[in-house]
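# Tertiary structure, described
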Amino acid sequence: MSDSQPPPQQPNPSPSSTPGPAEPAALLLCGARLTDGRVVDVRLGGGRIEAVGTAGSLAGGPIPAPAPASPVTAPADAAPAPARVNLEGYLLLPAPVEPHAHADTALTAESDGPVPTDPQDVQRRATEAVLAQLGHGATAIRSHVRVGDVHGLGALEAVLRVRGVVRDLVDLTPVAMPRLLTGAAGADGLAMLRDAVGMGATAVGGCPDTDPDPTGYVEAVLELASAHGCAVDLHTDGTDPARLCRLAAMAGGLRGGVTVGPLGGLGLLPTEVASRCADRLAAAGVGVVCLPQGGCAGADRRGTAPVRLLRSAGVRVAAGSGTLRDLSNPVGRGDPLEAAYLLASQDALPVEDAFGTVSEAARAVLGLPAVRVEAGFPADLLAVRGDRLAGALSLAYSRIVIHAGRVVSRTSAVREYCDLGHAGTAPELPRQARHP
């Protein structure tokens, strides 16, 4: 099997047209299958879905040239026919998003010694990580970035530069994450956090469990977030139910929204205790991002959040990938569909609900508008080879990613087989097949 993915900077939706990043050209997706079984054409324009119709209903030929007219009465140039992408054999889905990444530590599993903090190295690795996640289908990424201590603001500056470079391909949101925020030792971290918001970080967070005063840490983050309208995303295992309930009580009603995760320790508590915590989180409107693929720096790896219990309590639960090949998870893939696959296979979530944790729920916890394959919704879509959602979560190698109405990434896979060596003695088998 071979994978190929052309540089996202030069997407090629069709041989005849290459939309520009400033003003996306009209795009027609032909013959795509939806999860309800319908086969449709989908017309995109202006970064949104303009129309969805039965296959062939929107795929008219080019608009004919107007009849000759005098210079005075000549009509304006007719709009060109939309570029076409043939999606026969593909399942069309709302694009997933990545609600929990660590771009500054990505791709450091094989590093000798501490994680490199040189801003140029961070920028190189973060760019590679973001493009890998985009290739998997994530059109928006929230990435935690360490600030303060030896890191200063260099890693955040690097990730912000990456955000500017990839802004036409994927939405990247850095979360400023200091180690300490309370007492004399936390004064520098608090100053760095304020500077990080001034630099452009629109979300703040960190690991309150590592601070000598976890409650004070949360109070400091929430106060700064409230003053600047930032979102809050905090790492915690949830092993201390009283602390988790206090966090929920403090976080309720914050304008930018509050997310916690991965809550791996919550599933180790007695069911009645975990249920009370889930009820408090639901009442406060606090979202949870679980990490089915493993833990991350700043969170223990003792298990995954009790997803079914949290969902039963009314908590909005999203799934993230966590780290991408760093010391916390040296084999992390950064693939949202793998996170959904693990929830379906290990937590026995229905396939549709599992995919919802990386699409609908993940977009909600990031404060992004909903996406459906319907007219009027944002044109952030993922096409995977196959005809059923279960198959897409199982073997989705070939993918076409659409962000803001443009094809921004393609990955194709072909599997080849050798000769059987005894032709005529066995049923004829294919030599080559497109792989999902």
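The notes below deal with the structure included here. (Residues numbered from 1 in each chain as written. Predicted model: local features only at pLDDT ≥ 70, side-chain atom pairs only at ≥ 80, totals over all residues. Heavy atoms only, no water.)

With that settled, the discussion passes to the overall build of the protein. For the protein, the count of helices and strands is 11 helices and 18 strands. Counting over 436 residues, the protein shows a buried share of 51%. Within the protein, residue pairs in contact and separated by at least 24 positions form 72% of the contacts whose partners lie at least 6 positions apart. (Helix = DSSP H or I, 4+ residues; strand = E, 2+ residues; numbered from the N terminus. Buried < 20%, exposed > 50% of the residue type's maximum accessible area, 1.4 Å probe, protein only. Contact = heavy atoms within 4.5 Å.)

The next thing to look at is the environment of L244. By the element assignment, L244 lies in helix α5 (residues 241–251). The buried category is assigned to L244, whose relative accessible area is 4%. Residues L244 and T215, spaced 29 residues apart in sequence, show a C-alpha to C-alpha distance of 9.6 Å. Setting aside chain neighbours within four positions, we find L244 in contact with T236, G238, L263, L266, C277 and L281.

Examined bridge by bridge, strand β7 (residues 98–101) and strand β8 (residues 140–147) share 2 bridges and lie parallel to one another. From the neighbouring strand, E98 faces β8, where its bridge partner is I141. Note that the unit made of β7, helix α1 (residues 119–136) and β8 has a crossover that is right-handed. (Pairing = 2+ DSSP bridges. Right-handed = clockwise from strand over helix to strand, strands pointing away.)

Mapped onto the elements of the fold, T182 is located in the loop between β9 (171–178) and α3 (183–199). On the accessibility criterion, T182 (17% relative accessible area) is buried. Among all residues touching T182, those that are not within four sequence positions of it are D211, P212, D213, G216 and Y217.

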